[in-house]
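# Topology and contacts: notes
Spelled out from the first residue to the last, the chains are:
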Amino acid sequence: MRVKIIQVFRHWKICIWLTLGIAVVVLLVLIYWHPAVHAFKFVWSPEYRECVLQSRNYELEEKSTPLYVTLKFHGRLGNWMYGYASLLGIAKANGYIPYLPSSHPLVSYFPLTKIRSSNAECLQVVYDERPCTYNPLFFNLPPGNITIDGYIQSWKYFRFMEEEIRHEFKLHTHLKISARDQLNGYVGKYLKEGHLVISIHVRRGDVLTEGAKKIGFRHAPASYFQSAMSYMLERYPNSVFFVTSDDIEWCKENIKSPRNVHSNQHKTAAPVVFSESTHFWEDFAMLTLCNHSIISVGTFGWWSAWLANGHVVYYKDYSFPGSKLDYETTREDFFPTHWVSLSSGLCSKNINTCTFFLIVVSVFQHMFDL
């Protein structure tokens, strides 16, 4: 009986030591797993080894080794343009070399200079969590070649290099000539009479879908455009309105010519001309050639107004409060502070009061921008 007890005790001792041994092994694996994986990858993966050495050399050589930054592009024309412009600003702030794949569609519209036929080696991914909000962390990128996954849509990323961005987004010569000819066909007779051209871009289409509504998009109603037109007409009385949209029939039914407050007894209506183009690019090119801009929602209208570089009115209530879009967008980061925001219906009854209010708002926005 005594022998059996001793044997059982010995077995328990073995189990305890075995358990402790396993625990120690597991602990060592947990502690040294990542270093071991990195060591293995460093030995057996030339691409990973090059990435590590590149990052080390970047620091040791006092950041003299050139590094690259690019962007995973999402969306359409306006999103691409915003991404490219922000990319250039982020690259300049970090001292990196920006590039866009030479096969990207933007190259067919603009003579872009920051292009590359193949990707840089060993790209690390950095994510943009809030697409329409400025993130100062992008001005302090980690060492190594970087690709940004997101939209990076804030004018603050490139506010210190506006002239360079405008140079990048000059239309190809043949496109600019074609756009001038088309615009002249619509408003040429008014230009000869000395009218300024105020563009109106109306985005409807996709923002009316259930998917867009769930995200938080809110389309601009007819009352907004009437208010914006009245406001613009007060500032620029001798003007013609040029309307483009993905739903031009809705525009023809809902966008009416406001009375010119500087005409005799308000009897003269300002002319309104509607684009009949079926190609988004033609509309965009013509919008950039106008003097001033009224936009509804989205980056397409945003960039047409920014490139036109005149007085801009945008729809203030473009997102539902508390929505995903509302969370992702910081208004002062997405819209330049000297642009005028306007809700629907504000100017419909009292143009003079509206104009005074908006001028005050515009002055305060400009003061804070300074």
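Residues numbered from 1 in each chain as written. Predicted model: local features only at pLDDT ≥ 70, side-chain atom pairs only at ≥ 80, totals over all residues. Heavy atoms only, no water.

Condition: UniProt positions are given in the numbering used here, feature names are shortened, and annotations may be inferred rather than shown by experiment.
The protein carries the name L-Fucosyltransferase in an unreviewed UniProt entry, which gives Biomphalaria pfeifferi as its organism. Under the UniProt heading Sequence similarities (unreviewed entry), the note attached to the protein is "Belongs to the glycosyltransferase 11 family." What the UniProt record of the protein gives under Pathway (unreviewed entry) is the line "Protein modification; protein glycosylation."

## Considerations on the layout of surface pockets
Counted only if it meets this: Of the grid points, spaced at 1 Å and generated over the protein atoms alone, those admitting a 1.4 Å probe that cannot get out make up cavities, while open sets with protein on both sides within 12 Å along at least five of seven lines make up pockets; any residue with an atom within 4 Å of a point is treated as lining. Grid points are joined across faces, edges and corners, and a volume is the space filled by probe spheres set on the points. Each helix corresponds to a stretch of at least 4 residues labelled H or I by DSSP, and each strand to a stretch of at least 2 residues labelled E; elements are numbered beginning at the N terminus. Under the scheme applied here, ten amino acids are nonpolar (Ala, Val, Leu, Ile, Met, Phe, Trp, Tyr, Cys and Pro), four are charged (Asp, Glu, Lys and Arg), and all others, including Gly, are polar.
Of the pockets and cavities examined, the largest pocket occupies roughly 930 Å³. Every residue lining the largest pocket is counted, 38 residues in all, and those nearest its centre are Arg 76, Arg 203, Asp 206, Gly 298 and Thr 299. Put simply, the parts of the chain that give the lining of the largest pocket at least two residues each are helix H3 (77-94), strand S8 (239-245), helix H9 (280-288), helix H10 (299-308) and helix H11 (324-328). Its residues assigned to classes, the lining of the largest pocket comprises 15 nonpolar, 15 polar and eight charged.

## Focus: the pattern of salt bridges
Worth spelling out the cut-off: Think of a salt bridge as a Lys or Arg side-chain nitrogen and an Asp or Glu carboxyl oxygen that are within 4 Å of each other. Between buried and exposed lies partly exposed: a residue is buried under 20% and exposed over 50% of the maximum accessible area for its type, with that area taken using a 1.4 Å probe on protein chains only.
A full pass over the atoms with the stated rule returns nine salt bridges. With its nearest N and O atoms 2.6 Å apart, the salt bridge here joins Asp 206 to Arg 203. For Asp 206, a relative accessible area of 29% translates into the label partly exposed. By relative accessible area, Arg 203 is classed as buried at 17%. Among the salt bridges present, the one from Glu 328 reaches Lys 324, with a minimum N-O distance of 2.5 Å. Within this pair, Glu 328 and its partner Lys 324 are both found in helix H11, separated by four residues, close to a single helical turn. On the basis of relative accessible area, Glu 328 is assigned to the buried category, the value being 13%. Classification of Lys 324 as partly exposed rests on a relative accessible area of 49%. Salt bridges here are not isolated pairs; linked through shared partners, they connect Arg 76, Arg 203 and Asp 206.

## Let's talk about the side chain of Thr 133
Applicable threshold: Contacts between residues were defined by any pair of non-hydrogen atoms, one from each residue, lying within 4.5 Å.
One can find Thr 133 in the loop between strand S5 (124-127) and strand S6 (146-149). Among the residues examined, Thr 133 registers a relative accessible area of 9% and is labelled buried. Other than its neighbours up to four places away in sequence, Thr 133 contacts Gln 153, Ser 154, Tyr 157, Glu 328, Thr 329, Thr 330 and Asp 333.

## Some points on the sheet that holds strand S12 (residues 340-342)
Put simply, the rule reads: At least two bridges found by DSSP between two strands are what make those strands a pair. Comment: axis = line fitted to C-alpha atoms, over the contacting stretch for helices; angle = value between 0 and 180 degrees taken between N-to-C directions.
Pairing in this open sheet of six strands is parallel, and the strands run S9-S8-S7-S10-S11-S12 from one edge to the other. Each edge of the open sheet is held by one strand with a lone partner, namely strand S9 (272-274) and S12. Neighbour-to-neighbour, the strand axes of this sheet turn through a mean angle of 20°, independent of strand direction. Across three bridges, the pairing between S8 and S9 is parallel. For Val 243, the partnering residue across the bridge sits in S9 and is Phe 274. Along the sheet, H9 makes contact with strand S7 (196-202) and S8, crossing S8 at roughly 155°.

## A closer look at the confidence of the model for the protein
Our working definition: Confidence of the predictor at the level of single residues is given by pLDDT, which spans 0 to 100.
With 77% of its residues at a pLDDT of at least 70, the protein reaches an overall mean of 84. Scored below 50 in pLDDT, residues 346-370 makes 31 contacts in the model with residues more than four places away or belonging to other chains.

## A few points about a nonpolar patch on the surface
Selection criterion: A patch consists of residues exposed above 30% relative accessible area that lack any salt bridge, with like charges linked at up to 9 Å and nonpolar side chains (Val, Leu, Ile, Met, Phe, Trp, Tyr) linked at up to 5 Å. Accessible surface is estimated by sampling points in the Shrake-Rupley manner with a 1.4 Å probe; for residues, cover comes only from the protein chains shown.
On the surface, a nonpolar cluster with roughly 350 Å² of combined accessible area is contributed by Ile 16, Trp 17 and Leu 20. For Ile 16, a relative accessible area of 47% puts it in the partly exposed group.

## What about the nonpolar core?
Among soluble globular proteins, nonpolar side chains are generally buried collectively. Applicable threshold: As used here, the term nonpolar core means buried Ala, Val, Leu, Ile, Met, Phe, Trp, Tyr and Cys residues forming a set that is joined through side-chain atoms within 4.5 Å.
Core analysis: the largest hydrophobic core is formed by 93 residues, its most contacted members being Phe 110, Phe 158, Phe 169, Ile 294, Trp 302 and Trp 303. The dominant element in this core, judged by the number of residues it contributes, is H3, at 10 residues.

## Overview of empty space enclosed by the protein
To find leftover empty space, one rolls a probe the size of a water molecule over the atoms. For the coordinates displayed, the defined rule picks out one cavity of 30 Å³ or more. For the largest cavity, the calculated volume is near 40 Å³. As for the largest cavity, its lining consists of Leu 71, Phe 73, His 74, Asn 79, Trp 80, Gly 83, Gly 150 and Tyr 151. In terms of residue count, the dominant contributor to the lining of the largest cavity is H3 (three residues).

## Focus on unusual backbone geometry
At Cys 122, a position not held by glycine, the phi torsion is positive, near 55°. Following the sequence through the fold, Cys 122 ends up in the loop between strand S4 (115-116) and S5. For Asn 309, which is not glycine, the phi torsion reads 65° and is therefore positive. Along the chain, the position of Asn 309 falls in the loop between H10 and strand S11 (312-315).

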